[in-house]
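Understanding the architecture of this molecule
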Amino acid sequence: MSEQTIALVTGANKGIGYEIAAGLGALGISVGVGSRNRERGEEAAAKLRANGVDAFAVPLDVTDDESVASAVALLDERFGRLDVLVNNAGIAGPWPMAPSVATAASLREVLETNVIGVVRVTNAMLPLLGRSARPRIVNQSSHLSSLTLQTTPGVELGDVNGVYTPSKTFLNAITVQYAKELTGIKINGACPGYVATEFNGFQGHETPEDGARIAIRLATLPDDGPTGGLFDHAGTVPW
């Protein structure tokens, strides 16, 4: 992609999202650092700029219609289009929470960010993506989302979880439907791996830079690249 490419990464002020922004920026892409907290977003964008990345802060709470509309207006006024959307923002919710003790409130809270937030942001950004010659959408999923892996004997995916894990399976289903509808946009799910971040109490065995690789690859797919799939750095992840 050319240096004129414009990208937005949600939840990009730290962790994997920050490294996705850094990796895209290293390719010459102008990157919007989406962050619910305005100050942290500004700090992250400034840090990226200090490292040579063309980065700018985008205050963005994916659970708030007004905030999302303001982000669209900012991008529209500044660039008039969007080429890459990485829906990275997500929350873990109560962890671990088995399905037998999950509450409606805990499910609603996680789905509001991990699924509804993705739909809210994606739909709001579609007019801007429609002005791109090569639009790409990446939805941050997880190996935990895979029903095949979850039901394969011998595959260890940690604690039973009735909230976060199903939210990512739901996100996969939404991603497939978007890909079926939006045939002019390449849209895929990314599985970053077990990454050590604040999100999981720094328990993972991979770095945020490692976790960012697949989202960066999917965000910069060539015209003959896949759409409607789920991938990690090693290739296709089974549904």
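Here's a quick rundown of the structure. (Residues numbered from 1 in each chain as written. Predicted model: local features only at pLDDT ≥ 70, side-chain atom pairs only at ≥ 80, totals over all residues. Heavy atoms only, no water.)

In terms of regular secondary structure, the chain is built from 7 helices and 8 strands. Compactness check: the chain gives a C-alpha radius of gyration of 17 Å against a globular reference of 18 Å for 239 residues, within 12% of the reference. C-alpha extents for the chain along the principal axes are approximately 50 × 40 × 30 Å. Here the analysis covers contacts within the chain between residues at least 6 apart in sequence; of these, 71% occur between residues at least 24 apart. As displayed, the chain offers around 10900 Å² of accessible surface, 53% of which is attributable to carbon and sulfur atoms. Separation between the mean location of the 18 positive side-chain charges and that of the 25 negative ones in the chain comes to 3 Å. (Helix = DSSP H or I, 4+ residues; strand = E, 2+ residues; numbered from the N terminus. Rg over C-alpha atoms; globule rule 2.2 N^0.38 Å. Contact = heavy atoms within 4.5 Å. Areas by Shrake-Rupley, 256 points an atom, 1.4 Å probe, with all protein chains shown as cover. Lys, Arg positive; Asp, Glu negative; His and termini not counted. Charge placed at Lys NZ, Arg CZ, Asp CG, Glu CD.)

This brings us to the sheet that holds strand E7 (residues 230–232). Within a sheet, neighbouring strands are paired by backbone hydrogen bonds and run either parallel or antiparallel to one another. The strand order across the open sheet formed by 8 strands is E3-E2-E1-E4-E5-E6-E7-E8, and the pairing between neighbours is mixed. Either end of the sheet is taken by a strand with one partner, and the two such strands are strand E3 (55–59) and strand E8 (235–236). Across the sheet, helix H2 (residues 38–50) is in contact with strand E2 (30–35) and E3; its angle to E3 comes to roughly 170 degrees. Helix-sheet contacts for helix H6 (residues 164–181) involve strand E5 (136–140), strand E6 (186–190) and E7, and the interaxial angle to E6 is about 165 degrees. (Pairing = 2+ DSSP bridges. Axes fitted to C-alpha atoms, helices over the stretch in contact; angles between N-to-C directions.)

Between its terminal C-alpha atoms H2 stretches 18 Å, which fits the 18 Å expected from 13 residues at 1.5 Å a residue. Regarding H2, the residues found buried are Gly41, Ala44, Ala45 and Leu48. Burial along H2 is one-sided: seen end-on, the buried residues are contained in an arc of 100 degrees. Facing away from the buried surface of H2 by more than 90 degrees, the exposed residues are Glu39, Lys47 and Ala50. Elements in contact with the buried residues of H2: helix H1 (15–26), E2 and E3. The N-capping residue of H2, defined by a side-chain oxygen 3.0 Å from the backbone nitrogen of Glu39, is Asn37. Gly52 sits one or two positions beyond H2 and adopts a positive phi of about 90 degrees. (Expected span 1.5 Å × (residues − 1). Buried < 20%, exposed > 50% of the residue type's maximum accessible area, 1.4 Å probe, protein only. Arc of directions from axis to C-beta. Polar contact = N/O pair within 3.5 Å; in protein donor to acceptor, adjacent residues only side chain to side chain.)

Quick look at empty space enclosed by the protein now. Within this structure, the stated rule accounts for 1 cavity of 30 Å³ or more. Considered as a void within the structure, the largest cavity measures approximately 30 Å³ in volume. Residue lining of the largest cavity: Thr10, Val62, Asn87, Ala89, Thr113, Gly117 and Val118, and that is the complete set. Looking at the lining of the largest cavity residue by residue, the classes come out as 3 nonpolar, 4 polar and no charged. (1 Å grid on protein atoms, 1.4 Å probe; cavity = no way out; pocket = protein on both sides within 12 Å on 5 of 7 lines; lining within 4 Å. Points joined across faces, edges and corners; volume = space filled by probe spheres on them. Nonpolar A, V, L, I, M, F, W, Y, C, P; charged D, E, K, R; others polar.)

Once that is clear, we can look at the pairing of E3. In terms of residue burial, E3 counts as a mostly covered element, since 4 of its 5 residues are buried. In the sheet, E2 pairs with E3 via 5 bridges, with the strands oriented parallel. Considered in E3, the bridge of Gly32 is made with Phe56. For the crossover that starts at E2, traverses H2 and ends in the parallel E3, the hand is right-handed. (Right-handed = clockwise from strand over helix to strand, strands pointing away.)

Among the secondary structure elements, Glu19 is positioned in helix H1. Despite being buried, Glu19 has no salt bridge partner; Lys47 is the closest side chain of opposite charge, sitting 6.5 Å away. In this view, Glu19 contacts Pro208, Glu209, Ala212 and Ile216; residues no more than four positions away in its chain are not counted. (Salt bridge = Lys/Arg side-chain N within 4 Å of Asp/Glu carboxyl O.)

For E5, the buried fraction is high: 5 of the 5 residues fall into the buried class. Burial of E5 is two-sided: the residues Arg136, Val138 and Gln140 facing one way and the residues Ile137 and Asn139 facing the other way are all buried. Pairing analysis gives 4 bridges linking strand E4 (residues 84–87) to E5, with the strands arranged parallel. Across the sheet, the residue bridging to Leu85 is Ile137, located in E5. In this view, the connection linking E4 to its parallel neighbour E5 by way of helix H4 (residues 104–129) has right-handed handedness. With 5 bridges connecting them, E5 and E6 associate as parallel partners. In the strand pairing of E6, Val138 is matched with Asn188.

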